[in-house]
Amino acid sequence: MTTTIIKTTTKILAPLILVFGSYIILHGHLTPGGGFQGGAVFASGLALLIVANKYDAVKSLFEKAPLSVFESIGALGFLGMACLGFAGYTFFKNIIANSGFPLFGGKTPTGINPGYLNTGGTLPYMNIFVGIKVLAGLTSIVLVFFLIMRRERDEW
Amino acid sequence: MIEHLPALIIAIPLFGAFIAPLFKKKQSIAAVWAILITAITVILSLMLMYQVRLHGIIVYVFGADKPTIVLPSGYKVPIRIMFEIDGIGAFMAISATLMSFVGALYSYSHVKAESGLEKYYALLLLLEVGILGMVLTGDLFNLFVFLEIAGIAGSALVGFRNYRGEASEAGIKYLIVSAVASLMVLFAIGILYGEYGNLNLAYISRQVSLSTLDMIAFGLLFASFAMKCGSVPMHYWVPDAYTEVPAGINPVLLVSTYASLYALFRVSFTLFANVSISLERVGWIMSVLGVLTMFIGVTMALVQKDVKRLMSYHAISQTGYMLLGVGVGLTVLHNSDALAEFGRTAMAGGIFHIINHIIYKSLLLMTAGALFYVTGTRNLNEMGGLARKMPITTLCFIVGAAAISGLPPFNGFASKFLIYESSYRLNPLLAVFAMVTSILTLASFVKVFASAFLGPPLEKFENVREVPRPMIVAMVILALLCILFGLFPDVVLNKIVYPAVDALINVAQYQSWGGLA
Amino acid sequence: MNGSIWVNFPFIVVALLLAIGFYTIGFKRNLIKVVIGIEILEGAVNLFLVALGYVKGGYAPIYTLAPPEAANPQNMVLPTPQALTLTSIVIGVAVSALMLAFAVNIYKHYGTLDVTKIRRLRG
């Protein structure tokens, strides 16, 4: 399926999709969306890249960057953020919010506001970790199906 | 740290499950890791049971300032996700963690030759998380999520031997059943949420009335959980799944089936407990379903040649005993005389039978796995004369077979006896069917014993040796539990079974906890 | 809620989708179509949840750059049904991926996707 049309479209679209996915992940605590949605968008960009490239190139790339490790890191990070609550509160307690922690620890305004990125406490961290996990997981699903299919019919 | 116990018991196996895939290069470390994590959860679940016996129902609210703040200031209804652990939840948690530990120990040598083991252990731990979440949660939607986690992890393990087409066939069957069942559960949860605007089990159970919508929701929940616990009209996935899954996962998969049974009990006893008129009818449906399940299961088992498949059909048949025992209790739940007279005993029998069955059926399936490990076949006609080659396996098999057939002094006798004597009081026919099933079970296991272990030693099994030590240890642990539970049933009944029964009967206690009173 | 048929329209669609889904699971012979049937069922349940949470004239419960009339809490809808739907979608992705993986594996071993021929386990 590596035709010129797909290659050209991918060149233009894939960066946009990847940036949009990252935006949705990072703004998960302010706007609709979040880790899963952003991760899914990001993974669709990666899927486009997978489809537009040759079997060998894709395979060698993902052998260098093992997706299952990324998945584990994402899940462990999420769990770790949840475990922070054990320090005096409960599991999943958002202890960074409004604490003045330099990253995402700013004071959350009440009422309608333009959306301040430096708020939200553990939520943005969790969004980022979920995003990593989802993009790794969905990409590896696409990759597995791609590798199986491409192996069976090489001349696509 | 002790007040965080309910969260830790979920967090630690999750942590273990996500660390396990990192041991890709050294797969034996992944096995040791899984054994370690499951051993820790066993200790945690015993501590949990101790706490429940000490303090009554434990509530753990996620994300609150303190674990027991159920209502945030200014709210009249609970809005956070919470765990609500009573006797039966802790009872199921002990079964789940114990069986995961034994399963991980057995898997250490049983699947050693396969590839992708780091994922196998990750899935095993995830399956344990799913079961623990299902039995500890006090929130309906959370129940659905953990049901799906257990379903996905379980079916992935059923299809683990992906070089066999049959494994994938059994896996997709199990997955389709569990996906349809859990979607219907979600549909029922949607109905209840639309009606009462909340997802908390205790809160909904205080509000529930017998409107048409409630009846639809109850029917959907009952049917889906009955489907997932392998009750009769939808039992066909059980033999396939149990046969194809690696023997080390069998104990955990059994517990996951009975976690659905737990959900069935929870729905009938707690969620719809205020509905006093129709519960009697539901109890009768459950008892008759139980009798049908045990009878059809055992008749199907009699004709099997595949040893694991035969045992899987017996698993269906034994599920019937639990349904019968608890169904008898449900029938007389609102009749306090009959409840005290035989209803409580019947439920104790049913719930005691859950843990007994998990123990001896896991033991039997593990011996079947051991036979497969040394002979490479599961066909009974091709085996023979293995008793002398594998003495410990043979001994374990005899213990398991005697326990499942309800022979004293093994644990199967203790719980079956309670069920016989109490279901006889409700209707003698129920007890007769239960006894006939027991006799047929004995007949079928005598057949297995004769064809696999007795007889002249076959030439092709000349070089057969006893299975490796971790498998032996796992089997011997279970065999000892069989004997101990059979010799001292009173201790087990008083320590863990009757608290579980009382937790099911005392709905008011469950409802008033969580600060709703 | 003025009792018109359009209030219940989403629920009629849900019932139709449920019927189609169950029909597809029960009567189609191709395994991929069975998987599609489960996806249809899931769509039906998700639609049901979303329709439950719909309030006419309500605003999404997000304060970022919301219009001024949304600030009144009466006008914001409860986010729980949407959260439930999202969770169910996430789970649905995992289920469908696993089912398709099984389907691929079955096709490799049996050479067919006809559910009436995938019957090595029986008895």
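Residues numbered from 1 in each chain as written. Chains lettered and ligands numbered in written order. Predicted model: local features only at pLDDT ≥ 70, side-chain atom pairs only at ≥ 80, totals over all residues.

## Regarding the overall build of chain A
So, step 1. Along chain A, the regular secondary structure elements total 5 helices and 0 strands.
So, step 2. Listed N to C, the secondary structure of chain A is α-α-α-α-α in terms of helices and strands.
So, step 3. Dimensions of chain A, computed from C-alpha atoms along their principal axes, come out at roughly 60 × 30 × 20 Å.
So, step 4. Counting only residues that meet the buried cut, chain A has 37% of its 156 residues in that class. (Helix = DSSP H or I, 4+ residues; strand = E, 2+ residues; numbered from the N terminus. Buried ≥ 20, exposed ≤ 12 C-beta atoms within 10 Å, placed from the backbone.)

## A look at the overall build of chain C
So, step 1. Counting its secondary structure elements, chain C contains 3 helices and 0 strands.
So, step 2. Seen in sequence order, chain C has helices and strands lined up from the N terminus as α-α-α.
So, step 3. Relative to a compact globule of 123 residues, whose C-alpha radius of gyration would be 14 Å, chain C shows 20 Å and is clearly more extended.
So, step 4. Dimensions of chain C, computed from the C-alpha atoms along their principal axes, are close to 65 × 35 × 20 Å. (Rg over C-alpha atoms; globule rule 2.2 N^0.38 Å.)

## Re the environment of R29 of chain C
Residue and element names in this part refer to chain C.
So, step 1. Considering the arrangement of structural elements, one finds R29 in the loop between α1 (9–27) and α2 (31–52).
So, step 2. Look at R29 and you get exposed, because 12 C-beta atoms sit within 10 Å.
So, step 3. Not counting residues up to four positions away in its chain, the partners in contact with R29 are D114, V115 and T116. (Contact = placed C-beta atoms within 7 Å.)

## Considering the interface of chain B and chain A
So, step 1. Each partner contributes residues to the interface: chain B has 15 residues there, and chain A has 14 residues.
So, step 2. Residue contributions to the side of chain B that touches chain A peak at 5 residues, all from helix α1 (residues 5–19) of chain B.
So, step 3. Classifying every residue of the side of chain B that touches chain A by side-chain character gives 11 nonpolar, 2 polar and 2 charged. (Nonpolar A, V, L, I, M, F, W, Y, C, P; charged D, E, K, R; others polar.)

## Quick notes on the confidence of the model for chain A
So, step 1. Summing up the model confidence of chain A, the mean pLDDT is 86 and the portion of residues at 70 or higher is 95%.
So, step 2. Confidence, read as mean pLDDT per element, is least for helix α3 (residues 55–64) of chain A in chain A (80) and greatest for helix α1 (residues 4–26) of chain A (92). (pLDDT = per-residue confidence, 0-100.)

## Some points on helix α10 (residues 250–271) of chain B
So, step 1. The end-to-end C-alpha separation of α10 of chain B is 30 Å, in line with the 32 Å expected for 22 residues at 1.5 Å each.
So, step 2. For α10 of chain B, the tally of buried residues reaches 22 of 22 residues, placing the bulk of the element in the interior. (Expected span 1.5 Å × (residues − 1).)

## Some details on the interface of chain B and chain C
So, step 1. Taken residue by residue, the interface counts 27 residues in chain B and 27 residues in chain C.
So, step 2. Sorting the residues of the side of chain B that touches chain C by element identifies α5 (140–158) and α6 (165–196) of chain B as the ones contributing at least two each.
So, step 3. The leading source of residues in the side of chain B that touches chain C is α6 of chain B, at 17 residues.

## Description of the packing of α1 of chain A against helix α2 (residues 35–52) of chain A
Residues and elements named next belong to chain A.
So, step 1. α2 packs onto α1 with a crossing angle of 165° between their chain directions and a minimal axis gap of 8 Å. On the basis of the axis angle, α1 is roughly antiparallel to α2. Considering how the two elements wind past one another, α1 and α2 form a crossing that is left-handed. Residues I6, K7, T10, L13, A14, I17, L18, F20, G21, S22, I24 and I25 of α1 touch α2, and the partners they reach there are G35, Q37, G38, G39, V41, F42, S44, G45, L48, L49, V51 and A52.
So, step 2. Considered class by class, the residues forming the contact of α1 with α2 number 14 nonpolar, 9 polar and 1 charged. (Axes fitted to C-alpha atoms, helices over the stretch in contact; angles between N-to-C directions. Parallel < 35°, antiparallel > 145°, perpendicular 65-115°, else oblique. Left-handed = near helix turned anticlockwise from the far one by under 90°.)

## What about the environment of V497 of chain B?
Residues and elements named next belong to chain B.
So, step 1. Tracing the chain through its elements places V497 in helix α18 (residues 489–505).
So, step 2. On the basis of neighbour count, V497 is assigned to the buried category, with 28 C-beta atoms found within 10 Å.
So, step 3. In this structure V497 touches A348, I351, F352 and V492, once residues within four positions along its chain are discounted.

## A word on the packing of α6 of chain B against α2 of chain C
So, step 1. As a packed pair, α6 of chain B and α2 of chain C sit with axes 10 Å apart at the nearest point and diverge in direction by 10°. Classified by the angle between their axes, α6 of chain B and α2 of chain C sit roughly parallel to one another. Contact with α6 of chain B, carried on its side by I176, A179, V180, L183, L186, F187, G190, Y193 and G194 of chain B, involves V34, I38, L41, E42, V45, F48, L49 and L52 of chain C of α2 of chain C and no other residues of that element.
So, step 2. In terms of residue class, the contact of α6 of chain B with α2 of chain C is made up of 14 nonpolar, 2 polar and 1 charged.

## Notes on the pairing of strand β2 (residues 82–85) of chain B
Residue and element names in this part refer to chain B.
So, step 1. Covered by surrounding structure in β2 are M82 and E84 together with F83 and I85, the residues of both alternating faces.
So, step 2. With 4 bridges joining them, strand β1 (residues 58–61) and β2 adopt antiparallel strand pairing. Opposite Y60, over in β2, you have F83 as the bridge partner. (Pairing = 2+ DSSP bridges.)

## Describing unusual backbone geometry
So, step 1. At the junction of P408 of chain B and P409 of chain B, the peptide bond is cis and its omega measures out at 5° in the coordinates.
So, step 2. Assignment of secondary structure puts P409 of chain B in the loop between α14 (391–404) and α15 (411–426).
So, step 3. We note that F92 of chain A has phi near 75°; this positive angle belongs to a residue other than glycine.
So, step 4. By the element assignment, F92 of chain A lies in the loop between α4 (67–83) and α5 (122–152).
So, step 5. Judged by the 21 C-beta atoms lying within 10 Å of it, F92 of chain A is buried.
So, step 6. Located in the positive-phi region is F104 of chain A, a residue other than glycine, with phi close to 65°.
So, step 7. Mapped onto the elements, F104 of chain A comes out in the loop between α4 and α5.

## Here's the deal with the nonpolar core
So, step 1. One finds A34, Y121, L124 and C482 of chain B to be the most contacted residues of the largest nonpolar core, which totals 272 residues.
So, step 2. Residues contacting L124 of chain B, with those up to four places away along its chain left out, are A34, S100, G103, A104, L157, I249 and V252 of chain B. (Core = buried A, V, L, I, M, F, W, Y, C linked by C-beta atoms within 7 Å.)

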